[in-house]
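These are the residues of each chain, in order.
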Amino acid sequence: MKKSAYHVAILGATGAVGEVMREILAERQFPISQLTLLASERSAGGTMDFGGKSVRVQDAAQFDWQGVDIALFSAGAAASEIYAPLAAAAGAVVIDNTSRYRYEEDIPLVVPEVNPQRVADYLPRRIIANPNCSTIQLLLVLKPLADSVGIERVVVSTYQAVSGAGSRAIQELGRQTLGIFQQKEVSPSVFPKQIAFNCLPQIDVFQDNGYTKEEMKMLWESRKILEIPDFSLTATCVRVPVFYGHSEAVNVVTKQKISALEFQELLRKAQGVQVWDDQKPGGWPTAVDAAGKDPTWVGRIREDVSHPRGLNFWVVADNIRKGAALNSVQIAELLIRDYL
């Protein structure tokens, strides 16, 4: 018999993504019979509000997963490696927002607007992976293009907010910015160089081919989600002094010619996408516009003057919402609608 409400647990409840997960569950009126908030021993013990009630944050290491229906994970890959198998063995379905399980063949990697059918693959391991934030917003825009005219090649440059690196990174940007205004010397801690008033062309560790892992994630994940093993994409990922909202400058060569106006019409029909493309000052989306909002915004849509089948466009989304918390909750909504 189908349940009317579910026991949901959030691992990493005190982090930036965990807090937004809790907010989105309330906003979207997810049917919850019990909400469990989990964190490390260091962060446990406090309380957080949910539905007008105070919920105590528990120590994940001491928690018994029996009875949990859905577990939303955002506490880092190391925590997911420990707790995801435990939660799954106890009967929960884990929706993991870390990189730990994204590349394993028997674990689905899901963007609900792009490949919702893959939620069905949560068995036998009872784990669903949430993609990288920069990949999610890109694929919301590329999917209708790939379905309509095919994609030959993608070149993307990202401008990624510090919140993608966690709460300490947010604090570092704030501290450095204030320090510079106060004419103090600032030193990096989270990032390898000063992030305030600067751009850092490295996110994650370098790979043998000279790319960073963040850049390769965009290729690996796009191939898996679109189910195109030879999908051609190259990325340069840059950390910028923005608190919330990732921006991407994208160049696409399509297999068949499509005009900028035709592409706009495709996007206007796409789930989760908003077109903001007025060719006048300020007639385009920015990270500040996207922060705190659910849609992925697209602007600066134009045909590439260097290639007869090329398009250029600008993509912006809140990396903590659609890039993490919202995508996870949307997966949970598909689960309870069709599979649990």
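Please refer to the structure higher up on the page.
Here the structure is a predicted model, which is why all the values come from computation and not from measurement.

Enquirer: Looking at this structure, I do not really get the nonpolar core. What am I missing?
Expert: Looking at soluble globular proteins, one finds that nonpolar side chains tend to be buried together. One finds Trp65, Phe73, Leu142, Leu233, Phe263 and Phe313 to be the most contacted residues of the largest nonpolar core, which totals 58 residues. The contacts of Phe73, once residues within four sequence positions are left out, are Leu11, Met21, Trp65, Ser80, Tyr83, Ala84, Ala87, Val94, Ile95, Asp96 and Asn97. In this structure, Leu72, Ile95, Val119 and Ile320 belong to the second largest nonpolar core, which totals 36 residues.

Enquirer: What exactly am I supposed to notice about the packing of aromatic side chains here?
Expert: If you walk through the whole model with that rule in mind, you get eight aromatic pairs. Relative to Phe73, the ring of Trp65 has its centre 5.6 Å away and its plane inclined at 40 degrees; by these criteria the two rings are tilted. The residues Trp65 and Phe73 share a single accessibility class, namely buried. A ring pair is formed by Trp276 and Trp297, whose centres lie 5.8 Å apart and whose planes are at 65 degrees; its orientation type is edge-to-face. Placement of the pair is Trp276 in the loop between β11 (273–275) and α7 (287–290) and Trp297 in strand β12 (residues 296–303), with a sequence separation of 21 residues. Since its relative accessible area comes to 25%, Trp276 is described here as partly exposed. Ring pairs connect the aromatic residues Phe63, Trp65 and Phe73, which therefore count as one cluster.

Enquirer: I'm lost on the sheet that holds β12 in this one. Help?
Expert: Sheet strands pair via backbone hydrogen bonds, and the direction of the pair is either parallel or antiparallel. With respect to topology, six strands assemble into an open sheet ordered β9-β8-β10-β13-β12-β11, the strand pairing being mixed. For this open sheet the edge positions go to β9 (233–239) and β11, each flanked by a neighbour on one side alone. Mean inter-strand twist for the sheet, computed between neighbouring axes without regard to direction, equals 20 degrees. In terms of strand pairing, strand β10 (residues 246–254) meets strand β13 (residues 310–317) through eight bridges, oriented antiparallel. The residue bridging His246 from the neighbouring strand is Ala317, located in β13. Against the sheet, helix α6 (residues 260–268) contacts β11, β12 and β13, and its axis sits at roughly 165 degrees relative to β12.

Enquirer: Help me out: how do you make sense of the sheet that holds strand β7 (residues 127–129) in this one?
Expert: Strand order in the open sheet formed by seven strands is β3-β4-β2-β1-β5-β6-β7, and the pairing between neighbours is mixed. Each edge of the open sheet is held by one strand with a lone partner, namely β3 (47–50) and β7. Going from strand to strand, the sheet's axes swing by 25 degrees on average, the running direction of each strand aside. Note that strand β6 (residues 93–96) and β7 share three bridges and pair parallel. Residue pairing across strands places Asp96 opposite Ala129, the latter belonging to β7. In the packing of helix α1 (residues 16–27) onto the sheet, contacts are made with β1 (6–11), β2 (32–39), β3 and β5 (70–73), and the angle to β3 comes to roughly 25 degrees. Against the sheet, helix α8 (residues 321–338) makes contact with β1, β5, β6 and β7, and its axis sits at roughly 155 degrees relative to β6, the strand it touches most.

Enquirer: What exactly am I supposed to notice about the layout of surface pockets here?
Expert: Which parts of space are left empty comes out when a probe the size of a water molecule is rolled across the atoms. Within this model, the largest pocket holds a volume of roughly 1400 Å³. Lining the largest pocket are 50 residues; nearest its centre among them are Ala75, Gly76, Gly164, Ala165 and Gly166. Among the elements of the structure, α1, α2 (77–89), α4 (167–181), α5 (213–226) and α8 are those that each provide at least two residues to the lining of the largest pocket. The residue makeup of the lining of the largest pocket, split by class, is 20 nonpolar, 21 polar and nine charged.

Enquirer: Could you clarify how one ought to interpret α5 in this entry?
Expert: If you check α5, its first and last C-alpha atoms are 20 Å apart, about what 14 residues at 1.5 Å a residue would give, namely 20 Å. In terms of burial, α5 is largely enclosed, as ten of its 14 residues are buried. All of the buried residues along α5 are Glu214, Glu215, Met216, Lys217, Met218, Leu219, Glu221, Ser222, Ile225 and Leu226. Buried residues along α5 sit in contact with α3 (133–149), β8 (151–160), β9 and β10. Count one or two residues on from α5 and you reach Glu227, which has phi positive near 60 degrees.

Enquirer: It is not clear to me how the pattern of salt bridges should be interpreted in this structure. Could you clarify?
Expert: Once their charged atoms are close, side chains differing in charge can pair, the charge on each being opposite to the other. On inspection of all chains with the given rule, the structure shows 20 salt bridges. Close ionic contact of Arg321 with Glu27 constitutes a salt bridge, the shortest N to O distance being 2.9 Å. Of this pair, Arg321 sits in helix α8 while Glu27 sits in helix α1, and the two are 294 residues apart along the sequence. Note on Arg321: relative accessible area 8%, which makes it buried. Salt bridges sharing common partners tie together Glu81, Arg100, Glu104, Asp106 and Arg125.

Enquirer: I'm lost on the pairing of β1 in this one. Help?
Expert: Residues in a regular strand project their side chains so that they alternate between the two faces of the sheet. Of all the six residues making up β1, six are buried; the element is thus mostly covered by neighbouring parts of the structure. As paired elements, β1 and β2 share six bridges and run parallel to each other. If you follow His7 over to β2, its bridge partner there is Gln34. For the crossover from β1 across α1 to β2, the handedness is right-handed. Pairing analysis gives four bridges linking β1 to β5, with the strands arranged parallel. Considered in β5, the bridge of Val8 is made with Ile70.

Rules and cut-offs
Residues numbered from 1 in each chain as written. Predicted model: local features only at pLDDT ≥ 70, side-chain atom pairs only at ≥ 80, totals over all residues. Heavy atoms only, no water. Core = buried A, V, L, I, M, F, W, Y, C linked by side-chain atoms within 4.5 Å. Buried < 20%, exposed > 50% of the residue type's maximum accessible area, 1.4 Å probe, protein only. Contact = heavy atoms within 4.5 Å. Phe/Tyr/Trp six-rings, centres within 6.5 Å; stacked < 30°, edge-to-face > 60°. Helix = DSSP H or I, 4+ residues; strand = E, 2+ residues; numbered from the N terminus. Pairing = 2+ DSSP bridges. Axes fitted to C-alpha atoms, helices over the stretch in contact; angles between N-to-C directions. 1 Å grid on protein atoms, 1.4 Å probe; cavity = no way out; pocket = protein on both sides within 12 Å on 5 of 7 lines; lining within 4 Å. Points joined across faces, edges and corners; volume = space filled by probe spheres on them. Nonpolar A, V, L, I, M, F, W, Y, C, P; charged D, E, K, R; others polar. Expected span 1.5 Å × (residues − 1). Salt bridge = Lys/Arg side-chain N within 4 Å of Asp/Glu carboxyl O. Right-handed = clockwise from strand over helix to strand, strands pointing away.

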